[in-house]
Amino acid sequence: MKIKSLNLRCWTSVAWLLFLATVIGNGSSPQRAVGQVNPARTVALGKPQTAESEVPDQEDPHADNDQSRREIASMIARVKNLIEAFKQDHPGQPTPESLSIELELYKWLDLLYSDRSASMIRLTELAEELERVVVEIETLSLAPIVDGKRYSFLVLEDLRDQLKTEAHRRESIKLEIEAARSSLESVRDSHDSNEAKRRMFREDVATSDNDEQLNHRYALAKLRSRATGEAVANRELELKINEFEHQISEKRHVYFESQINRMHGRVVFSQAELEQRIKFTDEAEAELRTQLEAALASLSELEREYLLASRALENASEETPQLVEEAATWRLLRELNQEHVSVLQRVIGYTGTIRIIWRRRFDLANQLASKDDLAKWQLETENLSQQIRQFQHLLKIRADERVSDLTSVRKRLVTSTELHPEVREFLGRQSEALENAINAYNSQIILVTTGERTLGRFREELDLTLDPRSAEEFLSRSWQFILMAWNYEITAVEDRPITVGKIIWGTILLLAGIYSARIFSRLLGMRILPRFGLNPGASVAFQSIAFYLMATCFGFFALEIINVPLTVFAFMGGAIAIGIGFGSQNVLNNF
């Protein structure tokens, strides 16, 4: 009996544990009937699909989503009718908060279903695009490489541009994926909280005696939980779209790389293609010069208007807001125009440089340049790339500054309700001028970025050509670097350059002169003068004088070599004479 009783208790405990596990599992899982995420109404939520995976058989998600939108539309109409009926029955009283919340939740649901329709269409398009890109890669890999076939240099250039653009797009998609995952976690937390509240209200309703207010709160809790559940489904769709886009970007990157690799060693840069690029650069420069002429023509007028406004403000007995804003407006317009002129001048200068770069790329592609020229170009290109990057950074800083100015002006227009009409008009002109300046800066940034990309390609081609695999190429590059450093101009005196090489030569000559002066003066004092009967003291004195004279001559000669005129030291003549006088006292005392 004891064994049977023990077995009965064990089986009873197991049954209770299974029952509790079932209840807890049902309570913690999302309620699909309340409007939670329905796998049949989303597009294969979960792991991202690839071209090889197939979408499981399911009902038409678009039809299901449209049915949900029609249902929500009818519920929105019902709640609006209730609100209108309440206003008619209770004129002057505010709308009940519960009805307002219910209406907002239904509107949110309608927006979620609308977004889901667009997301499902986008997801289908991305799946088709991914499959198409995979087919293109397979077709390209199976295509034979024809011997002797030549490809256009400009086609290769476009492929490189697309490859770089795809690399940037892939990085931006990674950031979007991280943001989508963070947003999904946030929405899931909100949904879990709403689900907990819904379950709590359900228990209260089950134990209450048909409390109408409690039932309505439970209905709102279910509606809110349904809305957050649909929001979770939308965030999952957005994440899946981003993951599809990342896969497509990776496949496109592989496709462009494969095309570029197939062209390696088979690219021809023709004279016609060079002329086409030069023509494109000339057209861009002509447009920039037209803008520069217009800006220069308006500069004098803006300067005149600013002077008139400033004088009117100074001569006024009272500084009115209209006069202050008028002067500020013309000052801003003048500053923007001056900045525009300065930027256009620099961009036009870089346009000419890009034209030279294209000619050098043509010579490099057709092997028309010597190794020494290529090494020289490489060093020049590195310096030019640094200058262009600095200018590009400057343009971005100025654009950000003008965006900040525009924000301040628009804030004044929006927040200040008692502005004088003339003041508002001047602020409007400032806003318009700042918008134009920002657009101009963005256009210049695009042009400079395009030039910087062309320059970067040229550097890559030079590095590939001048890869120091042999001692001869290494020595050639080293010699070019030494020549550039040797001829580097440090400063100029009276329009005469002082280079590193001249300073080195001058230093060598000065040291050699001092050494020679010491040898010759010692020979004079110890060998030659004693033969003429001079005593040792006089010989030492003449030896010192001869040393200083020869050292001074060699010093002047070294200064002449490095192009430093002697007139520079004229102001030091008196001090030098005094110093020589005191220094020669001991010498003269030896006589």
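Reading guide: rules and limits
Residues numbered from 1 in each chain as written. Predicted model: local features only at pLDDT ≥ 70, side-chain atom pairs only at ≥ 80, totals over all residues. Heavy atoms only, no water. Helix = DSSP H or I, 4+ residues; strand = E, 2+ residues; numbered from the N terminus. Buried < 20%, exposed > 50% of the residue type's maximum accessible area, 1.4 Å probe, protein only. Areas by Shrake-Rupley, 256 points an atom, 1.4 Å probe, with all protein chains shown as cover. Expected span 1.5 Å × (residues − 1). Salt bridge = Lys/Arg side-chain N within 4 Å of Asp/Glu carboxyl O. Phe/Tyr/Trp six-rings, centres within 6.5 Å; stacked < 30°, edge-to-face > 60°. Axes fitted to C-alpha atoms, helices over the stretch in contact; angles between N-to-C directions. Parallel < 35°, antiparallel > 145°, perpendicular 65-115°, else oblique. Left-handed = near helix turned anticlockwise from the far one by under 90°. Nonpolar A, V, L, I, M, F, W, Y, C, P; charged D, E, K, R; others polar. Core = buried A, V, L, I, M, F, W, Y, C linked by side-chain atoms within 4.5 Å. Contact = heavy atoms within 4.5 Å. Patch = residues over 30% accessible without salt bridge, like charges linked within 9 Å, V, L, I, M, F, W, Y side chains within 5 Å.

Colleague: Tell me about the overall build of the chain, and name the residues and values.
Modeller: Looking only at helices and strands, the chain has 14 helices and four strands in total. Residue burial in the chain is summarised as follows: out of 591 residues, 33% are buried. Per element, the accessible surface of the chain, about 36,500 Å² overall, is 57% carbon and sulfur.

Colleague: A description of helix 5 (residues 212–263) should follow, citing residues and the corresponding values.
Modeller: Here helix 5 spans 77 Å end to end across 52 residues, near enough to the 76 Å set by a 1.5 Å rise per residue. One or two residues past the end of helix 5 sits Gly265, with phi positive at roughly 80°.

Colleague: Describe the pattern of salt bridges, and please don't skip the residues or the numbers.
Modeller: Using the criterion set out here, one finds 32 salt bridges in the structure. A salt bridge links Arg252 to Glu129; the shortest N-O distance between them is 3.2 Å. Residue Arg252 is found in helix 5, and its partner Glu129 is found in helix 3 (residues 97–142); the two are separated by 123 residues along the sequence. A salt bridge links Glu339 to Arg402, with the nearest nitrogen and oxygen atoms 2.6 Å apart. Taken together, the residues Glu339 in helix 7 (residues 321–365) and Arg402 in helix 8 (residues 371–415) connect sequence positions 63 residues apart. Here the residues in one salt-bridge network are Glu157, Arg160, Asp161, Arg361, Arg453, Arg457 and Glu461, joined through shared partners.

Colleague: Tell me what's going on with the packing of aromatic side chains, and back it up with residues and numbers.
Modeller: In the structure shown here, the tally under the stated rule is six aromatic pairs. Seen from their ring centres, Phe153 and Phe269 are 4.2 Å apart, and the 5° between their planes marks the pair as stacked. Separated by 116 residues along the polypeptide, Phe153 in helix 4 (residues 153–207) and Phe269 in the loop between strand 2 (267–268) and helix 6 (271–315) bring together distant segments of the chain. The exposure class of Phe269 is buried, given its relative accessible area of 3%. Pairwise contacts between aromatic rings join Phe153, Phe269, Trp358 and Phe362 into one cluster.

Colleague: Describe the environment of Arg289, naming the residues involved and giving the relevant values.
Modeller: Along the chain, the position of Arg289 falls in helix 6. As for Arg289 and Gln345, which are separated by 56 residues in sequence, their C-alpha atoms are 8.4 Å apart.

Colleague: Residue-level account of the packing of helix 7 against helix 9 (residues 421–465), with values.
Modeller: Packing of helix 7 against helix 9 brings their axes to within 9 Å, and their N-to-C directions diverge by 15°. If you check the angle between helix 7 and helix 9, you find them roughly parallel. Between helix 7 and helix 9 lies a crossing of left-handed hand. For the contact of helix 7 with helix 9, a count of residues per class yields 26 nonpolar, eight polar and nine charged.

Colleague: Account for unusual backbone geometry, with residues named and values stated.
Modeller: We note that Gln367 has phi near 55°; this positive angle belongs to a residue other than glycine. With a relative accessible area of 73%, Gln367 lands in the exposed category.

Colleague: Summarise the nonpolar core; cite the residues concerned and give the values.
Modeller: In this structure, Phe391 and Leu395 are the most contacted members of the largest nonpolar core, which totals 26 residues. Mapped by element, the contributors of at least two residues to this core are helix 6, helix 7, helix 8 and helix 9. Those residues in contact with Leu395 that lie beyond four places of it in its chain are Val343, Tyr441, Gln444, Ile445 and Val448. Among the nonpolar cores identified, the runner-up in size contains 21 residues, and Tyr106, Leu223, Ala231 and Leu239 belong to it.

Colleague: Report on the environment of Ala399, specifying residues and quantitative values.
Modeller: Residue position: Ala399 is located in helix 8. On the basis of relative accessible area, Ala399 is assigned to the buried category, the value being 6%. When the C-alpha positions of Ala399 and Asn442 are compared, they lie 7.4 Å apart, and in sequence the two are 43 residues distant. Those residues in contact with Ala399, other than ones at most four positions away along the chain, are Ile438 and Tyr441.

Colleague: I'd love a proper account of the side chain of Ser119, names of residues and values included.
Modeller: Position of Ser119 among the secondary structure elements: in helix 3. Not counting the four nearest positions on each side in its chain, Ser119 is found in contact with Leu237 and Ile241.

Colleague: Break down the packing of helix 4 against helix 6 for me, with residues and values.
Modeller: For the pair helix 4 and helix 6, interaxial distance at closest approach is 9 Å and the crossing angle is 55°. Between helix 4 and helix 6, the angle is such that the two are oblique. Counting all contacts with helix 4, which are made through Phe153, Leu154, Glu157 and Asp158, the residues of helix 6 involved are Glu273, Gln276 and Arg277. When its residues are assigned to classes, the contact of helix 4 with helix 6 shows two nonpolar, one polar and four charged.

Colleague: Could you give me a rundown of a nonpolar patch on the surface, with the residues and numbers involved?
Modeller: A contiguous nonpolar patch, built from Tyr488, Ile490 and Ile503 and spanning about 310 Å² of accessible area, is present on the exposed surface. Its place among the elements puts Tyr488 in the loop between helix 10 (471–486) and strand 3 (489–493). A relative accessible area of 55% means that Tyr488 is categorised as exposed.

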